[in-house]
Amino acid sequence: MIELKNISFGVDDDKGKKEIIRDVSFTVPDGKLIVITGPNGGGKSTLARLIAGIEKPLSGKILLDGEDITDMSITERAKKGIGFAFQQPVRFKGIEVFDLIRLATGKSISISDACSYLSAVGLCARDYIKREVNSSLSGGELKRIEIATVLARSPRISVFDEPEAGIDLWSFKNLIEVFEGMRKHIKESSILIISHQERILNIADEIMVIKEGRLINKGTRDELMPQLMSTDSAVRDCNGVGEKAVDITPEPCSTSALI
Ligand SMILES: Nc1ncnc2c1ncn2[C@@H]1O[C@H](COP(=O)(O)OP(=O)(O)OP(=O)(O)O)[C@@H](O)[C@H]1O
Ligand SMILES: [Mg+2]
């Protein structure tokens, strides 16, 4: 179980202090699949980076199974069982896909074991297992390989930031099945997915909405889906821009149609 307690985070930019995460608290219990959604720029990826230890909060605490991990490094957190798939996957020049998956499992595995993780994300294992993880891979291929490494690691908590990004319709269907398969076996671990996709929201045990750095809503899928699907505030904001002669505020137009 991971707990965020009153987490705040900000950066200094050219306009001064910019608050990105404002007093966010939530728990991801064991055995649950939680989906975070919300408008672009709301702070979702920043939250994922704070959980992984890439960023450190200005205030608040992060607890993993009751242990305070707020000051732990990325490596220490990974060892404790936090697995992370980035919105923009990392390219590791000079390493083969097989080695990447083997390293993720942390033990010696056969090629056929490694292949099973690639197949799970819809990649033909034979074609990819010996490929180098470099810029010759397409964005979608790289994303799927990264997801395969998180599956291989089978961490206490798996964080996927927009796993759907750049993934084709057929592989996406496969990916949903992978997540559904994972949730059946996650009694002692949990999955946190950041997503804008209705089909991913539809498999959540709980949905949390992050907007302007705040947790503005949370509830079960049955409680939140009707609200998310019926709200038209993003559309209304965009229409308003056209009606104003000078006071054009483009920011609301970037909000997700779900919010
Ligand atoms: N290092 C930084 N310096 C300045 N601004 C930052 C920095 N990191 C994040 N931000 C800003 O913080 C806000 C939240 O960014 P974040 O990437 O967390 O949003 P998001 O909810 O993941 O959006 P999306 O749905 O587009 O992926 C954005 O306005 C972003 O520009
Ligand atoms: Mg993001």
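Higher on the page you've got the structure.
Not measured: the values here are computed from a predicted model.

### Things to note about the overall build of the protein chain
- Scanning the protein chain from N- to C-terminus turns up 10 helices and 10 strands.
- When burial is assessed residue by residue, the protein chain has 36% of its 259 residues classed as buried.
- Sequence separation of 24 or more characterises 67% of the internal contacts of the protein chain that already satisfy a separation of 6 or more.

### Digging into the pairing of strand β9 (residues 206-211)
- Across 4 bridges, the pairing between strand β3 (residues 33-37) and β9 is parallel. In the strand pairing of β9, Ile34 is matched with Glu206.
- Here 6 bridges tie β9 to strand β10 (residues 214-220), and the two strands are oriented antiparallel to one another. Bridge pairing links Ile210 to Leu215 in β10.
- The hairpin formed by β9 and β10 contains 2 residues between the paired strands, and Glu212 there has a positive phi angle of roughly 50°.

### Let's talk about unusual backbone geometry
- Unusually for a residue other than glycine, Asn6 sits at a positive phi of about 50°.
- Mapped onto the secondary structure, Asn6 falls in strand β1 (residues 2-13).
- One non-glycine residue with positive phi stands out, namely Asp65, at about 50°.
- Here Asp65 shows up in the loop between β4 (59-64) and β5 (67-68).
- Of the residues examined, Asp65 has 14 C-beta atoms within 10 Å and is grouped as partly exposed.

### Observations concerning the site of ligand 1
- Around ligand 1, the structure places 12 residues, and the nearest of them are Asn40, Gly41, Lys44, Ser45 and Thr46.
- Elements that contribute at least two residues to the shell around ligand 1 include exactly β1, β2 (16-28) and α1 (44-52).
- It is α1 that provides the largest number of residues to the shell around ligand 1, a total of 3 residues.
- Split by residue class, the shell around ligand 1 holds 2 nonpolar, 7 polar and 3 charged.

### Some words on the packing of helix α4 (residues 111-120) against helix α6 (residues 139-153)
- Direction vectors running N to C along α4 and α6 enclose 125°, while the axes themselves pass 9 Å from each other. When the axis of α4 is compared with that of α6, the two are oblique. Relative to α6, the crossing made by α4 is right-handed. Of α6, the residues touching α4 (which contributes Tyr117, Leu118 and Ala120) are Ala148, Leu151 and Ala152.
- Residues that form the contact of α4 with α6 fall into these classes: 6 nonpolar, no polar and no charged.

Calculation notes
- All residue numbers here refer to positions counted from 1 along the written sequence of the relevant chain.
- Chains and ligands are labelled sequentially in the order written, the chains with letters from A and the ligands with numbers from 1.
- Local features in this predicted model are restricted to residues whose pLDDT is 70 or higher, and side-chain atom pairs enter the listing and the counts only when it is 80 or higher, whereas totals over whole chains, interfaces and linings include all residues.
- Think of it this way: any DSSP run of H or I at least four residues long counts as a helix, any run of E at least two long counts as a strand, and we number them from the N terminus.
- Partly exposed residues are those falling between the two cut-offs: more than 12 but fewer than 20 other C-beta atoms within 10 Å of their own, whereas 20 or more means buried and 12 or fewer means exposed, with C-beta atoms placed from the backbone.
- Here, residues touch in the contact sense if the C-beta positions derived from the backbone fall within 7 Å of one another.
- DSSP-based pairing: two strands are paired if at least 2 bridges between them are found.
- Throughout this description, a residue near a molecule or strand is one whose C-beta atom, derived from the backbone, lies within 6 Å of it.
- In this classification, the charged set is Asp, Glu, Lys and Arg, the nonpolar set is Ala, Val, Leu, Ile, Met, Phe, Trp, Tyr, Cys and Pro, and all remaining amino acids, among them Gly, are polar.
- In this analysis an axis means a line fitted to C-alpha atoms, helices contributing only their contacting stretch, and an angle means the value between N-to-C directions, from 0 to 180 degrees.
- Orientation categories follow fixed angle ranges, with anything under 35 degrees roughly parallel, anything over 145 roughly antiparallel, 65 to 115 roughly perpendicular, and all other angles oblique.
- The crossing is said to be left-handed when, going from far helix to near helix, the turn is anticlockwise and less than a right angle, and right-handed when the turn is clockwise.

Spatial relationships are all this shows, so hold off on functional conclusions.
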